[in-house]
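Single-letter residue listing:
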Amino acid sequence: MRFIVCTMLAANLLLVLFVGSASAQTEELSSTLFLPAVMRDFTPSWHWEPVYTVTVSARTTHPPLAAIDRRGRPHLFWYYSIDDNQIHHVYLDGATWHQLSPSQGLTGNSLLANAPIVTDDDRIHLIWYNELDKAGDRPYRYVHALFTGDAWGSANEVFRSKYSTIRAWPRLDADGRLRVGITSGFLAWRAYLQLEGVGGWQELANFTLPSNADIIWPDAHTGAHVYGDDSTDMRYWRWADGTFITAQSLGIGKFYGRTMTVDDADHVHLHWSASESVAGNPVTLVHHQCIDDQLRTSAVTFPGDTQAAREVVGATDGSRLFVLAWQEPARRRIMLWDGCSPVVVTTIPSDPAQSELLRAVAVSAAPRKVCVFLQKGISADYVVRCAGID
């Protein structure tokens, strides 16, 4: 695969530290030097497919989440809490869109919280937050359903808590089974590792989290990676064999307020939008930072250079690929990483006469493919553009 990738020169470059104000919630660079990870559009092996249109929803509570299955079919998931509090799902098979609901028949309010996970045998795992009647015992929970053979199985409970603050991070383990890390509590936080076992979900472990830790990413075996913020530093803890065996700083930065995506090779991608000073003017830029599987933290890069950006969306397919897409004033861009290594950035084809809002992105390593989902104005119609990247 031929790409032109910008090489970062380390010599004579000043590492820029961010100074923030809690009231302004902005970060300014101490210089106007910007280092986009990729400098050229050169994508001879990206083959954009015919455009599809599908009716989704004019409004969603949060941006939809997307996936590409092993047959190369795009899937989109969303919910709109004002409407029906259900999880909705559409996917393309041939030239026909099919609409389903994995939460159908489930009581309570269902809220989409985690991206779907596609397995090698072409099943799709989805877990989501489900809130029951608050008058009951432990009304907050996560549930799981499996998409197999073009149909959803029954939803089953993964974990239940009396705290609405529970959060979950699912991944596949080395044997292809789904594992979920969960944080729950109020003031005193605990972590739980849940395994999809025969006959239901099993608790593998539960333990008290270190101070300032609030993210738990299961490893591929029996342990977990734990992350959190400590003043100006990002912190990491390794939990295995019933104890914390590693604790270290990951350098200047933070997890809070940023979108975090982890692939199955344990590369952590952080992306966010923030205001920077460009030629003396505040401009909202795309920011990206990566922590590799050796716990080495990259410098913050600006994939869109000095272009103002909005509607930033990212995704991983669970292998080593990560994709980030964003909207600039005159175009929409998409960038691909392999682990923490940038591969290419390119412009998403679009009709300049149409008002299209970037809403979701998906990437797949098998088949190698990306898909972007764009809403047509304020309508319920979405344009779906996919490209093979071999």
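Novice: Go over the overall build of the protein chain with me, naming the residues and quoting the values.
Specialist: What the protein chain contains, in helices and strands, is 0 helices and 32 strands. Within the protein chain, the fraction of its 390 residues that count as buried is 50%. Within the protein chain, contacts between residues separated by at least 24 positions form 45% of all contacts whose residues are at least 6 apart in sequence. Counting every atom, the protein chain has about 17,700 Å² of accessible surface; 50% of that belongs to carbon and sulfur.

Novice: So what about the pairing of strand β30 (residues 356–365)? Which residues, and what values?
Specialist: With 8 of 10 residues buried, β30 is to be regarded as a mostly interior element. As paired elements, β30 and strand β31 (residues 368–376) share 9 bridges and run antiparallel to each other. If you follow A362 over to β31, its bridge partner there is C371. The hairpin formed by β30 and β31 contains 2 residues between the paired strands.

Novice: Give me the environment of Q248: which residues, what numbers.
Specialist: Structurally, the position occupied by Q248 is in strand β22 (residues 243–252). Sequence-wise, Q248 and L295 are 47 residues apart; in three dimensions their C-alpha atoms are separated by 9.4 Å. Excluding residues within four positions of it along the chain, Q248 makes contact with M234, R235, Y236 and L295.

Novice: Pulling in residues and values, what's your account of the state of the cysteines?
Specialist: A complete count under the given rule lists 2 disulfides for this structure. In this model, C290 is linked to C340 through a disulfide, with the two sulfur atoms separated by 1.9 Å. Between C290 and C340, the disulfide has an S-S torsion of -70° and is therefore left-handed. Of this pair, C290 sits in strand β25 (residues 281–291) while C340 sits in the loop between β28 (332–338) and β29 (341–347), and the two are 50 residues apart along the sequence.

Novice: Please give an account of the packing of aromatic side chains that cites residues and values.
Specialist: Considering all chains together, one arrives at 11 aromatic pairs under this definition. Judged by centre distance (6.1 Å) and plane angle (80°), the rings of F77 and W152 are edge-to-face. One end of the pair, F77, is in strand β6 (residues 74–78); the other, W152, is in strand β13 (residues 151–152), with 75 residues separating them in the sequence. Assessed through its relative accessible area of 0%, F77 is described here as buried. Here the aromatic rings of F322 and W337 are separated by 5.5 Å at their centres, their planes lie at 50°, and the arrangement is tilted.

Novice: So what's going on with unusual backbone geometry? Residues and values would help.
Specialist: Of note, the bond from A366 into P367 is cis; its omega dihedral lies within 30 degrees of zero at 0°. Following the sequence through the fold, P367 ends up in the loop between β30 and β31. A positive phi angle, near 70°, is found at D266, a position not held by glycine. For D266, the position within the fold is in the loop between β23 (259–262) and β24 (268–278). The backbone of L295 shows a phi angle near 65°, a positive value even though the residue is not glycine. Looking at the secondary structure, you find L295 in the loop between β25 and β26 (310–316). A relative accessible area of 23% means that L295 is categorised as partly exposed.

Novice: Any details on the nonpolar core? Residues and values, ideally.
Specialist: Membership of the largest hydrophobic core comes to 30 residues, with the highest contact counts inside it found for L193, F207, I216, Y227, L250, F255 and V268. Put simply, the parts of the chain that give this core at least two residues each are β17 (188–197), β18 (200–208), β19 (213–218), β20 (224–230), β21 (233–240), β24 and β25. Looking at this core element by element, the count peaks at 5 residues for β24. Excluding residues within four positions of it along the chain, Y227 makes contact with A213, D214, I215, W217, R235, Y236, W237, L250, F255, M260 and V268.

Novice: Residues and numbers for the pairing of β29, please.
Specialist: Note: β28 against β29, 6 bridges, orientation antiparallel. The partner of L336 across the bridge, within β29, is V344. Hairpin geometry of β28 and β29 is characterised by an intervening segment of 2 residues between the two adjacent antiparallel strands and by a positive phi of about 65° at G339.

Novice: Break down the pattern of salt bridges for me, with residues and values.
Specialist: A full pass over the atoms with the stated rule returns 23 salt bridges. For the salt bridge of R141 with E157, the shortest nitrogen-to-oxygen distance reads 3.0 Å. Taken as a pair, R141 in strand β12 (residues 140–148) and E157 in strand β14 (residues 156–161) lie far apart in primary sequence, 16 residues in all. Accessibility expressed as a relative area gives 9% for R141, which makes it buried. Using a relative accessible area of 32% as the deciding quantity, one classes E157 as partly exposed.

Scoring rules and cut-offs
- Residues numbered from 1 in each chain as written.
- Predicted model: local features only at pLDDT ≥ 70, side-chain atom pairs only at ≥ 80, totals over all residues.
- Heavy atoms only, no water.
- Helix = DSSP H or I, 4+ residues; strand = E, 2+ residues; numbered from the N terminus.
- Buried < 20%, exposed > 50% of the residue type's maximum accessible area, 1.4 Å probe, protein only.
- Contact = heavy atoms within 4.5 Å.
- Areas by Shrake-Rupley, 256 points an atom, 1.4 Å probe, with all protein chains shown as cover.
- Pairing = 2+ DSSP bridges.
- Disulfide = S-S within 2.5 Å.
- Phe/Tyr/Trp six-rings, centres within 6.5 Å; stacked < 30°, edge-to-face > 60°.
- Core = buried A, V, L, I, M, F, W, Y, C linked by side-chain atoms within 4.5 Å.
- Salt bridge = Lys/Arg side-chain N within 4 Å of Asp/Glu carboxyl O.

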